[in-house]
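One-letter residues, chain by chain:
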Amino acid sequence: MGHGYLIYRAPKAGTDGLWKLADGGVKTELWNGLDGRALGGPAIAPDGQRLAFLVQRRGRTQLYLTNADGSGARRVAETSRVRGTPAWSPDGRWLAVAANRDGEPRLIQIPVGGGTPILLVNEYSIDPIWSPSGQFLVYSGADVGTTFSVKAVNADGAPRASAESDSHPGRQASGLSRRDRRAGHPERRHLTQGVLGR
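Let us look at the structure shown here. (Residues numbered from 1 in each chain as written. Predicted model: local features only at pLDDT ≥ 70, side-chain atom pairs only at ≥ 80, totals over all residues. Heavy atoms only, no water.)

1. Regarding the pattern of salt bridges
Enumeration over the complete set of coordinates arrives at six salt bridges. Between Asp 16 and Arg 9 there is a salt bridge whose closest N-O contact spans 3.2 Å. Two residues, Lys 151 and Glu 123, come together in a salt bridge whose shortest N-O distance is 2.8 Å. Highlighted residues: Lys 151 in strand E14 (residues 147-154) and Glu 123 in the loop between strand E11 (118-119) and strand E12 (126-130), separated in sequence by 28 residues. A relative accessible area of 16% places Lys 151 in the buried class. Residues joined in a network through salt bridges with shared partners are Arg 9, Asp 16 and Arg 37. (Salt bridge = Lys/Arg side-chain N within 4 Å of Asp/Glu carboxyl O. Helix = DSSP H or I, 4+ residues; strand = E, 2+ residues; numbered from the N terminus. Buried < 20%, exposed > 50% of the residue type's maximum accessible area, 1.4 Å probe, protein only.)

2. Overview of unusual backbone geometry
Backbone geometry at Ala 13 places phi at a positive 50°, although glycine is not the residue there. Within the fold, Ala 13 resides in the loop between strand E1 (5-12) and strand E2 (15-22).

3. A short note on the side chain of Gln 109
Its location among the elements puts Gln 109 in strand E10 (residues 104-111). For Gln 109, a relative accessible area of 4% corresponds to the buried category. Gln 109 has contacts with Trp 94, Leu 95, Ala 96, Pro 117, Ile 118, Leu 120, Trp 130 and Ala 155, leaving out every residue within four places of it along the chain. (Contact = heavy atoms within 4.5 Å.)

4. What about the sheet that holds strand E4 (residues 37-44)?
Read from one edge of the open sheet, four strands run E4-E5-E6-E7, paired in antiparallel fashion. Here the strands that pair on one side only, and so sit at the sheet edges, are E4 and strand E7 (74-76). Averaged over all adjacent pairs, the angle separating strand axes in this sheet is 35°, with direction ignored. Judged from the five bridges that link them, E4 and strand E5 (residues 50-57) form a sheet pairing that is antiparallel. Its bridge partner being in E5, Ala 43 is matched across the sheet by Ala 52. (Pairing = 2+ DSSP bridges. Axes fitted to C-alpha atoms, helices over the stretch in contact; angles between N-to-C directions.)

5. As for the sheet that holds strand E9 (residues 94-101)
With antiparallel pairing, four strands are arranged side by side in an open sheet as E8-E9-E10-E11. The open sheet has two edge strands with one neighbour each: strand E8 (82-88) and E11. In terms of strand pairing, E8 meets E9 through four bridges, oriented antiparallel. Counted as the bridge partner of Ala 87 is Ala 96 from E9.

6. Re the layout of surface pockets
Roughly 150 Å³ of volume is contained in the second largest pocket. Every residue lining the second largest pocket is counted, 14 residues in all, and those nearest its centre are Glu 123, Tyr 139, Ala 152, Pro 159 and Arg 160. No other element matches the three residues that E14 contributes to the lining of the second largest pocket. Partitioning the lining of the second largest pocket into residue classes produces eight nonpolar, two polar and four charged. (1 Å grid on protein atoms, 1.4 Å probe; cavity = no way out; pocket = protein on both sides within 12 Å on 5 of 7 lines; lining within 4 Å. Points joined across faces, edges and corners; volume = space filled by probe spheres on them. Nonpolar A, V, L, I, M, F, W, Y, C, P; charged D, E, K, R; others polar.)

7. Describing the pairing of E12
Pairing analysis gives three bridges linking E12 to strand E13 (residues 136-144), with the strands arranged antiparallel. When the bridges of E13 are listed, Ile 126 appears paired with Ser 140. In textbook terms, the turn of a hairpin is the stretch between consecutive antiparallel strands, and for E12 and E13 this stretch comprises five residues, one of which, Gly 134, has a positive phi near 80°.

Structural data, given as structure tokens:
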């Protein structure tokens, strides 16, 4: 959900594109999929004006940015092969996503305005979520059987070991401090009350 709109992925001509459904039922095609198949759902910037999403083309998965009206689509961190779900920092200046390095996904932080990606976690790490304060991120570690670890890292890449826990399907996990557990914040549901499963 965005600011008065919903973004969804839909098949078209043997590939997957992105569409926007605005208040009033107006549909707009944002990404037609002909330049690569859209993977998963997009991450909507905090101001609702931009989208980040993954595109798969010729065996490579890359991160794209576009304006909320579908204009200005461009690749971000072109040399990185990404996977999982991207996440916007609360100030809209950074994107965090997993990039394949040495055969495993590792979290990187990408400056939206351009620049070199920064390695945040030098071990298996995927599907980040920023804390509302923007001071740290929570992410999933490697699956081991039926469990996976839930860890956190500071925005500067320093470990945040106090939030680490093992999660099992159906078990609740929390990576937020009291300061970040603000009632009504949209990320609170995912991090403090969300049930983590496979």
